[in-house]
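The residues making up each chain are set out below.
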Amino acid sequence: MGDSRILFAASEVYPFAKSGGLADVAYSLPRALNNTYDVDVIMPLYQFIDRERFGIEAMGETFHIMMGRKAYPVTFYICKYEDMTYRFVYTPLLCDRAFLYGPPQGGYADNDIRFALFNYAVLEILKRDTYEVVHLNDWQTALLPLLLKNEPKIETKSFFTIHNLAYQGIFDKKTLSRLGIDEKYFHMDSLEFYGQVNFMKAGIAYADRITTVSPTYAKEILTPEFGCGLEGFLQYHSAKLTGIVNGIDTEHFSPSNDKMLVQPYTDLRGKSVNKSAFLKEIKVKEPQRPLIVFIGRFTSQKGLEILIDTLPDMALMVCNLVILGDGEKQYHDALKALAKKHDNIYLESGYDEALSHRMYAASDFFLMPSLFEPCGLAQMIAMHYGSIPVVHRVGGLADTVHDHAEFDSKSQKGYGVVFTKPDHDALLHAVEKALQLYGTKTKCNKIVKHNMLCDFSWRESGELYIKEYERLREES
Ligand code: ADP
């Protein structure tokens, strides 16, 4: 196994580029597997990535990739970072942009060409170099299994992970000729989706194996409620689909060793130092109150409507609420208005990794009222930092957070406050229960300490990925 080479391709990888959990997984999963295999990671070299800081260097001459009738210049780059090899694809159309996928109001119109180019570039790597498995992630890399079908000389097996089915990469039919993809693939068993081209379908149809990021989400996406129109297609391909829950990198997210904190900690006393410092930092008026936080993308997926609807009632309770996020303007405006109106609601706008760490460390409770959640990392990070999650029981939240009423100190499960309906009343009631729990200090502290000691690392899930890779290799 040690000599087997895996190429892990993703459109975002921490610390080079991150918009959400995919970047965390693309950083931490390859590292977890690198003891067993020789894993290289490949991603686009976006213009904002600091080449000097990471020692990123060109590898060979610029060459051209033919796609449709056009030739696009491409250069490969490489660096070593924390003992891992990172490969990069630089091509101006893909990389010279301010955002990864587009501004908050919507994706770039030429994302089809941008990410198809990325797929063609990864294909080129597979032609030049030998990898047993190429591990692809989400729609941005989903064309590759189809491209591989037309390359019989390449023996690499394709492994496709769905991190979020809500983003499928759907484009006008005209894109086929721009991408140089044969019209014969434009039918419902392949790329066609209600008259359009769907990248995600290529990954599902042609990858040798498919995983998604939690067992519950793997079941949910086979139903109309969560399948985003692909439930039937996924049912058809379900024999090659498994759910493996994500882990977190417990070195990067480590309260005992986190350089972004005012004081790293291993116990509740240390945690309270971080809470006081953070409340001072944002000038909270009544710092003795329990602190509830939300960190996440401002999109409907994360339960923003319910959150905004419920916040005025939460604000009447004895607590402080701090929200950090970035995303759709209408949610941002509504939250800004609420923060202006209520003394105990605070809004921090934008994307700020260090601030998020300070907030995990400071908080007593962590809100995740998501409508759907493929896995969710934030709730695991929160538990690891001793913040009790308050979550809607859906997807990966159902797999990783168990209701505190069932608390069992001998289990390895994480506990929080779990509610079953994504609406105002259920969320409000859950927050009430959380605050009651805060009032019963002994029980609350027991749960916090228990969660902090739980193993949310890749140890177990890494083994499951290894099993899946090995099954694939045996099939060859
Ligand atoms: P998703 O991938 O759907 O956005 P996850 O819970 O899987 O959600 O992962 C979110 C990751 O992004 C976590 O590491 C979280 O701390 C981080 N994050 C989200 N929003 C922000 C923000 N505004 N600033 C800093 N970190 C953020």
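Everything here concerns the structure above.
Because the structure is a prediction, the values reported are computed rather than measured.

Our next topic: the sheet that holds strand β10 (residues 192–193). The strand order across the open sheet formed by three strands is β9-β11-β10, and the pairing between neighbours is antiparallel. Each of the sheet's edge strands pairs with one partner strand only, and the pair in question is β9 (170–171) and β10. Of the strand pairs in this sheet, β9 and strand β11 (residues 196–198) are connected by two bridges, and their pairing is antiparallel. The partner of Ile-170 across the bridge, within β11, is Asn-198. Against the sheet, helix α7 (residues 199–206) contacts β9, β10 and β11, and its axis sits at roughly 55° relative to β11.

An ideal rise of 1.5 Å per residue puts 26 Å on 18 residues; helix α4 (residues 111–128) measures up with 26 Å between its terminal C-alpha atoms. Summarising burial for α4: 16 of the 18 residues are buried, a large majority.

This part takes up the sheet that holds strand β20 (residues 414–419). An order of β16-β15-β14-β17-β18-β20-β19 is seen for the seven strands of this open sheet, with the pairing classed as parallel. Both edges of this open sheet fall to β16 (345–349) and β19 (401–403), since each of them pairs with a single strand only. Strand-to-strand, the axes of this sheet are offset by a mean angle of 30°, without reference to chain direction. Pairing between strand β18 (residues 388–392) and β20: three bridges, direction parallel. Note on β20: the bridge partner recorded for Val-390 is Val-417. Here helix α13 (residues 353–362) sits on the sheet in contact with β14 (291–298), β15 (320–327), β16 and β17 (365–368), set at roughly 145° to β14. Of the strands in this sheet, β14, β17, β18 and β20 touch helix α16 (residues 424–439), which is tilted by about 140° from β20.

This part covers the site of the ligand. Close to the ligand lie 21 residues; Gly-21, Asp-24, Arg-297, Lys-302 and Tyr-360 are nearest. Measuring from an oxygen atom of the ligand, one finds a side-chain N or O atom of Lys-18 at 3.1 Å. Taken by itself the ligand offers 560 Å² of open surface, and the protein chains cover 93% of this. Contributing elements (two or more residues each) for the shell around the ligand: α1 (21–33), β14, β15, α13 and α14 (378–384). Split by residue class, the shell around the ligand holds eight nonpolar, seven polar and six charged.

One can find Leu-355 in helix α13. Judged by its relative accessible area of 6%, Leu-355 is buried. Sequence separation of Leu-355 and Gly-462 is 107 residues, and the distance between their C-alpha atoms is 29 Å. Those residues in contact with Leu-355 that sit more than four places away from it in its chain are Phe-278, Glu-281, Leu-324 and Glu-348.

Looking now at the pattern of salt bridges. Under the counting rule described, the total for this entry stands at 25 salt bridges. Across the salt bridge formed by Arg-5 and Asp-40, the nearest N and O atoms sit 3.2 Å from each other. Taken as a pair, Arg-5 in strand β1 (residues 5–9) and Asp-40 in strand β2 (residues 38–44) lie far apart in primary sequence, 35 residues in all. Classification of Asp-40 as buried rests on a relative accessible area of 4%. We note a salt bridge from Arg-97 to Asp-110, for which the minimum N-O separation is 2.7 Å. Of the two residues, Arg-97 sits in the loop between α3 (92–95) and α4 while Asp-110 sits in the loop between α3 and α4, which places them 13 residues apart along the sequence. Just as Arg-97 is buried, Asp-110 falls in that class too. Salt bridges here are not isolated pairs; linked through shared partners, they connect Arg-5, Asp-38, Asp-40, Arg-87 and Asp-129.

For helix α17 (residues 441–453), spanning 13 residues, the distance from its first C-alpha to its last is 18 Å, which sits close to the expected 18 Å at 1.5 Å a residue. Burial in α17 covers these residues: Cys-444, Ile-447, Val-448, His-450, Asn-451 and Met-452. Next to the buried residues of α17 lie α10 (268–281), α14, β18, β20 and α16.

For the bond from Tyr-14 to Pro-15, the omega torsion is 0°, close enough to zero to count as cis. For Glu-82, which is not glycine, the phi dihedral falls at a positive 45°. Among the structural elements, Glu-82 can be located in the loop between β5 (70–81) and β6 (84–90). Phi is positive for Tyr-194, close to 50°, though the residue is something other than glycine. Along the polypeptide, Tyr-194 turns up in the loop between β10 and β11.

Before going further, it helps to spend a moment on empty space enclosed by the protein. To find leftover empty space, a probe the size of one water molecule is rolled over the atoms. Here the structure, examined in full by the defined rule, presents one cavity of 30 Å³ or more. Looking at the largest cavity, its volume works out to about 50 Å³. For the lining of the largest cavity, a count of residues per class yields six nonpolar, three polar and two charged.

The rules behind the values
- Residues numbered from 1 in each chain as written.
- Predicted model: local features only at pLDDT ≥ 70, side-chain atom pairs only at ≥ 80, totals over all residues.
- Heavy atoms only, no water.
- Pairing = 2+ DSSP bridges.
- Helix = DSSP H or I, 4+ residues; strand = E, 2+ residues; numbered from the N terminus.
- Contact = heavy atoms within 4.5 Å.
- Axes fitted to C-alpha atoms, helices over the stretch in contact; angles between N-to-C directions.
- Expected span 1.5 Å × (residues − 1).
- Buried < 20%, exposed > 50% of the residue type's maximum accessible area, 1.4 Å probe, protein only.
- Near = heavy atom within 4 Å.
- Polar contact = N/O pair within 3.5 Å; in protein donor to acceptor, adjacent residues only side chain to side chain.
- Areas by Shrake-Rupley, 256 points an atom, 1.4 Å probe, with all protein chains shown as cover.
- Nonpolar A, V, L, I, M, F, W, Y, C, P; charged D, E, K, R; others polar.
- Salt bridge = Lys/Arg side-chain N within 4 Å of Asp/Glu carboxyl O.
- 1 Å grid on protein atoms, 1.4 Å probe; cavity = no way out; pocket = protein on both sides within 12 Å on 5 of 7 lines; lining within 4 Å.
- Points joined across faces, edges and corners; volume = space filled by probe spheres on them.

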